[in-house]
Amino acid sequence: MTQAQAQDQVTVREIPAARLATIGWLVLVLVVAAVAAWEWKMRTLGLQAGDLDDSKSQWAVERRKVADGVHDDVVIIGSSRILFDTDLGVWEEMTGRRPIQLALPGTNPRPHLKALAENSDYAGLLVVGVTPDIFFTDWPGIPLFAGLIDFWKDETPAQRFGNRLWVELQRRVAFLDDSYRLGTLIDRSVALTDREGVRGPQRDVWKLAEVSDHRQTTMWPRLEADVFLRDHARWVWGPFSGEPLLEDADVARICEETRRHVEMIRARGGEVVFIRSPSAGLYFESEERGQPRARSWEPLLRTTGAFGIHFEDYPEMRNLDLPEWSHLSGASATRFTRAYVEVLTREIPWLRRSQPGEST
Amino acid sequence: MVFNSLTFVVFFAVLLLLHRMPFSWTTKKINLLIASYVFYAAWNPPFVILLWISTLVDWVVARRLYESTGVTRRRAWLLVSLAANLGFLAFFKYGEFLLANWQALMASVGVTWVPPEWNIILPVGISFYTFQTLSYTLDVYLGRSKPLNSMLDFSLFVTFFPQLVAGPIVRPGQLVPQFAVPRQATSGQMLWGFGLIILGLFEKIVLADSGLAQSADAVFGAGKPVGFADAWLGTLAFSGQIFCDFAGYSTIAIGTALCLGFALPENFRMPYAAIGFSDFWRRWHISLSTWLRDYLYIPLGGNRGSEARTYLNLMLTMLLGGLWHGASWTFVVWGGLHGLYLAGERWIRGRTGVKGDPVGAQNRLALALLTYLLVNITWVFFRAETFEGAARILQGMAGLAAEPVAVLPTIYMIKVGVIIAGMVTIQWLMRKRTLEDVVARAPWWLTGLVAAAMLFAVITTQGSGEAFIYFQF
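As the structure is a prediction and not an experimental result, all values here were calculated from the model.

A. Representation of the overall build of chain A within the structure. Looking only at helices and strands, chain A has 17 helices and 7 strands in total. A burial count over chain A gives 38% of its 360 residues as buried. For chain A, long-range pairs separated by at least 24 residues make up 80% of all intrachain contacts whose partners lie at least 6 apart in sequence.

B. The arrangement of the overall build of chain B in detail. Helix and strand content of chain B: 19 helices and 0 strands. Referenced to the eigenvectors of the C-alpha coordinate spread, the extents of chain B come out at roughly 65 × 65 × 50 Å. Looking at the 473 residues of chain B, the share that counts as buried comes to 49%. Considering only residue pairs separated by 6 or more positions, chain B has 75% of its internal contacts joining residues 24 or more positions apart.

C. Representation of the interface of chain A and chain B. If you look at the interface, chain A gives 51 residues, while chain B gives 54 residues. Looking at the side of chain A that touches chain B, the elements that each hand over two or more residues are α1 (3-8), α2 (20-44), α9 (157-172) and α10 (182-189) of chain A. Counting residues per element, the side of chain A that touches chain B draws most heavily on α2(A), at 12 residues. Of the residues belonging to the side of chain A that touches chain B, the class tally is 29 nonpolar, 13 polar and 9 charged.

D. View of the nonpolar core. Formed by 142 residues in total, the largest nonpolar core has its most connected members in B:Ile198, B:Phe202, B:Val219, B:Ile393 and B:Val416. Ignoring sequence-local partners within four residues, the contact set of B:Phe202 consists of B:Leu207, B:Met454, B:Ala457 and B:Val458. One finds A:Ile76, A:Leu88, A:Trp325 and A:Leu328 within the second-largest nonpolar core, a separate group that totals 56 residues.

E. A look at the pairing of strand β1 (residues 74-77) of chain A. All names here are of chain A. Alternating residues of β1 divide into Val74 and Ile76 and Val75 and Ile77, and every residue in both groups is buried. Two elements, β1 and strand β3 (residues 125-129), share 4 bridges in a ladder whose sense is parallel. Within β3, the residue paired with Ile77 across the bridge is Val128. Note that β1 and strand β2 (residues 100-101) share 2 bridges and pair parallel. The partner of Ile76 across the bridge, within β2, is Gln101.

F. Seen up close, the packing of helix α4 (residues 71-108) of chain B against helix α5 (residues 126-141) of chain B. Residue and element names in this part refer to chain B. Remark: α4 packs on α5, axes separated minimally by 11 Å, with the N-to-C direction vectors making an angle of 175 degrees. Between α4 and α5, the crossing angle belongs to the class labelled roughly antiparallel. On α5, the residues that touch Arg74, Leu78, Ser81, Asn85, Phe88, Leu89, Phe92 and Lys93 of α4 are Ile126, Ser127, Thr130, Thr133, Leu134, Thr137 and Tyr141. Tallied by class, residues from the contact of α4 with α5 come to 7 nonpolar, 6 polar and 2 charged.

G. The environment of A:Ile77, seen in detail. All names here are of chain A. One can find Ile77 in strand β1. The exposure class of Ile77 is buried, given the 25 C-beta atoms found within 10 Å. For the pair Ile77 and Asn108, spaced 31 residues apart in sequence, the C-alpha to C-alpha distance is 9.1 Å. Setting aside chain neighbours within four positions, we find Ile77 in contact with Leu102, Ala103, Pro109, His112, Leu113, Leu126 and Val128.

H. Highlighting the pairing of β3(A). Residues and elements named next belong to chain A. The buried fraction of β3 amounts to 5 of the 5 residues, a majority that puts the element mostly inside the structure. Taking every second residue as pointing to the same face, both faces of β3 are buried, with Leu125, Val127 and Gly129 on one and Leu126 and Val128 on the other. Pairing of β3 with strand β6 (residues 271-276) involves 5 bridges; the strand directions are parallel. For Gly129, the partnering residue across the bridge sits in β6 and is Ile275.

I. Examining the environment of B:Gly167 more closely. Residues and elements named next belong to chain B. In this structure, Gly167 sits in the loop between α7 (161-164) and α8 (172-180). Here Gly167 falls in the buried class, since 28 other C-beta atoms lie within 10 Å of it. In contact with Gly167, not counting residues within four places along its chain, are Phe128, Ser250, Asn267 and Ser287.

J. Molecular detail of the environment of B:Gln174. Examined against the element boundaries, B:Gln174 turns out to sit in helix α8. Along the backbone, B:Gln174 and B:Leu264 are 90 residues apart, and their C-alpha atoms lie at a distance of 7.7 Å.

K. Looking closely at the sheet that holds β3(A). Spatial strand order, β2-β1-β3-β6-β7 (chain A): 5 strands in an open sheet with parallel pairing. Because the sheet does not close on itself, it has two edges, and the strands there are β2 and β7 (307-310) of chain A.

L. Spatial organisation of helix α17 (residues 410-429) of chain B. The terminal C-alpha atoms of α17(B), which comprises 20 residues, lie 29 Å apart, in line with the 28 Å expected from a rise of 1.5 Å per residue. Along α17(B), the positions that sit buried rather than exposed are B:Ile411, B:Tyr412, B:Met413, B:Lys415, B:Val416, B:Ile419, B:Ile420, B:Met423 and B:Gln427. Where α17(B) is buried, its residues meet α10 of chain A together with α9 (187-220) and α10 (228-259) of chain B.

M. Local environment of unusual backbone geometry. A cis amide bond links A:Gly238 with the next residue in sequence, A:Pro239, at an omega value of 15 degrees. Position of A:Pro239 among the secondary structure elements: in the loop between α12 (227-237) and α13 (248-267). Here the phi dihedral of B:His285 falls at roughly 40 degrees; this positive angle occurs in a residue that is not glycine. Checked against the element boundaries, B:His285 lands in the loop between α11 (277-281) and α12 (286-297). Residue B:His285 is classed as buried on the basis of its 22 C-beta neighbours within 10 Å.

N. Examining the confidence of the model for chain A more closely. Predicted confidence across chain A gives a mean pLDDT of 89, with 95% of residues reaching 70 or more. Within chain A, the lowest mean pLDDT, 59, falls on α1(A), and the highest, 97, falls on α2(A).

O. Seen up close, the packing of helix α5 (residues 88-95) of chain A against helix α16 (residues 330-347) of chain A. All names here are of chain A. Two elements in contact, α5 and α16, have axes separated by 9 Å at closest approach and are oriented at 35 degrees. By crossing handedness, the relation of α5 to α16 is classed as right-handed. Of the residues in α16, those touching α5 at Val90, Trp91, Met94 and Thr95 are Thr334, Thr337, Arg338, Val341 and Thr345. In the contact of α5 with α16, the residues fall into 4 nonpolar, 4 polar and 1 charged.

Calculation rules
- Residues numbered from 1 in each chain as written.
- Chains lettered and ligands numbered in written order.
- Predicted model: local features only at pLDDT ≥ 70, side-chain atom pairs only at ≥ 80, totals over all residues.
- Helix = DSSP H or I, 4+ residues; strand = E, 2+ residues; numbered from the N terminus.
- Buried ≥ 20, exposed ≤ 12 C-beta atoms within 10 Å, placed from the backbone.
- Contact = placed C-beta atoms within 7 Å.
- Nonpolar A, V, L, I, M, F, W, Y, C, P; charged D, E, K, R; others polar.
- Core = buried A, V, L, I, M, F, W, Y, C linked by C-beta atoms within 7 Å.
- Pairing = 2+ DSSP bridges.
- Axes fitted to C-alpha atoms, helices over the stretch in contact; angles between N-to-C directions.
- Parallel < 35°, antiparallel > 145°, perpendicular 65-115°, else oblique.
- Expected span 1.5 Å × (residues − 1).
- pLDDT = per-residue confidence, 0-100.
- Left-handed = near helix turned anticlockwise from the far one by under 90°.

Dropping the structure here:
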């Protein structure tokens, strides 16, 4: 039969003359056994059921709470530090409010500040985490979370439903962890020498955190204890050149842009505060050389007139445990949150006068 | 919704259950129709209206065409269908492209005109279902078939979810008669259908998304000149990615339909084992190439006119085929290159009198590799977003890049090498065989082991439900 004839004739599909039922049973038995073994192996590596991936969809769930206005209106934006270093439960315990966690790993919060200021009626307390080598640059962030600002509106019904299913599965199964997919493990398994200038999967950020409901993100316990993983993470953050990322004029431009957005939120009755979370070791030294506090953090507070918490200014926020120099351990994150919320409660009238569930 | 998502797993499980319940055949077809609308609406509910309009217009037009006798009246009715279907396509898919080109044209004659901001979302799969409904109306217009009597059957033909958004583009004669009588998959069809779904998911999730996409993205997104090895490996990676992505979709679509008791036609037949370009197009996206042949190339005159006219028809068909893929001149160039290849092959065959495959295994293999190599050059224009980007890659492939940067990590280079070598070898070995034939001859335990390994890889690789590349076309 020619192809032309085939277009006009009813399609018939051949079924292979094989023992398909036997094959089906074999596949079922082998896959169930292999997946069970895989799950066991992943648990021995420290993965746990209930550790949810931090995905675009999970972020969108939280972002929609801001749009819907059904949640307490303290919102946190920033990069991974304020994400890891904030204990949402402590916030709620101390203020009666559970903040909406919108910080994103490896992402510049300034576009999110701009979106909240210009394209929403948000009038709550906005906590902005400042990681100097991200905030004071024009780098938008890692591709994983690119285009996220409008994703909460554009997410399809199928994606929303799929995310619900995915979360429910992850509550029961450990091996679904995004950082331990088979393909990812293959990429990392062989330590090959890469060509000059190429960053291979060995230099990717490996698993750093566990995530639970409301995007509560906590350092992965294994990372706190495993010297190899800890050292790997430190190596990835390198090379700690301490090179300035931007000129002073660019920093001034960023501060001015931020001031405009802060004022827009304030004009609606909201408030904005900045938090510089701890860093340590070579990472901290490199940040101080590249974006010294006097030429980045101070101009930011001066220009915006906003209140800011720099961890160095508060004894209770110093000497905390940062296993890989950039993020606090779980226990230290709780201490840090308690310390900074205490300061905010004392210094920010908005927190005292506004009751949970209503804006000023 | 996409096949590689948990949402689809639940959707399909519910639908299979409904389809095996003791309902009447009409009820089952209504279930399938509603499910197909849900499947489509899961992306963007309002766009279902486009499907309804397209269905209604072609239903009415086909009947009017059949009842009308005057040439003018028949042409007028055909124009209604073309205007509605191609109008939607032009507006949603080519609107921005047309405005941008109009702006450039105006600028070339000294007129400054700024088009309004274009914020229109492209309805998923619009090119596929537009061609499918058009084939129905065109067949009635050309007297090849009669209009259908059942609007339910016609609606299901337009909307049948397995092939709705990325093909295979099915002709009425291939699918509609299957709706006439009650169908329920036999245990063999069901098992083989699931086997095809596993194979398709493996191609999509494990090979395309996890194995090859990173390398293609890194090279084509480098934004700087890349060297010989990176340029070739990035392009080869894309050749594998697009095959595994699209053939994977078609395979899942065929498997899904089979589980419901329906047969969809083959859309790929080992294309990278093709010897020559007419052979390639008999193996790559078969449902599109045959559609273009039957509704564009042949109506243009095909090869019935002069030699020059045949070449012109060939080029026009391939240029429009390129534009079908996307609103960009890079796609037109991709189609144009294939047109030139086909014309060149036709010219060589005409001068040498060679028909069919060359004699000798070595000659066949050499020509197949040459075909694959030349196809890879076309993929550069298909994947690059701009001509500058394409030029950078082509310079790298020719070893002419100035101060090239290294892009690919060593492990990615190894992965691309292994997957592409494996893919091309398997396609070559299966060049004249079908999967069904291979499975029938293989020991049952070997088939089981391979299928289990593929399913295990799918489950442990997961993926975040990335959309298939062809959804955007």
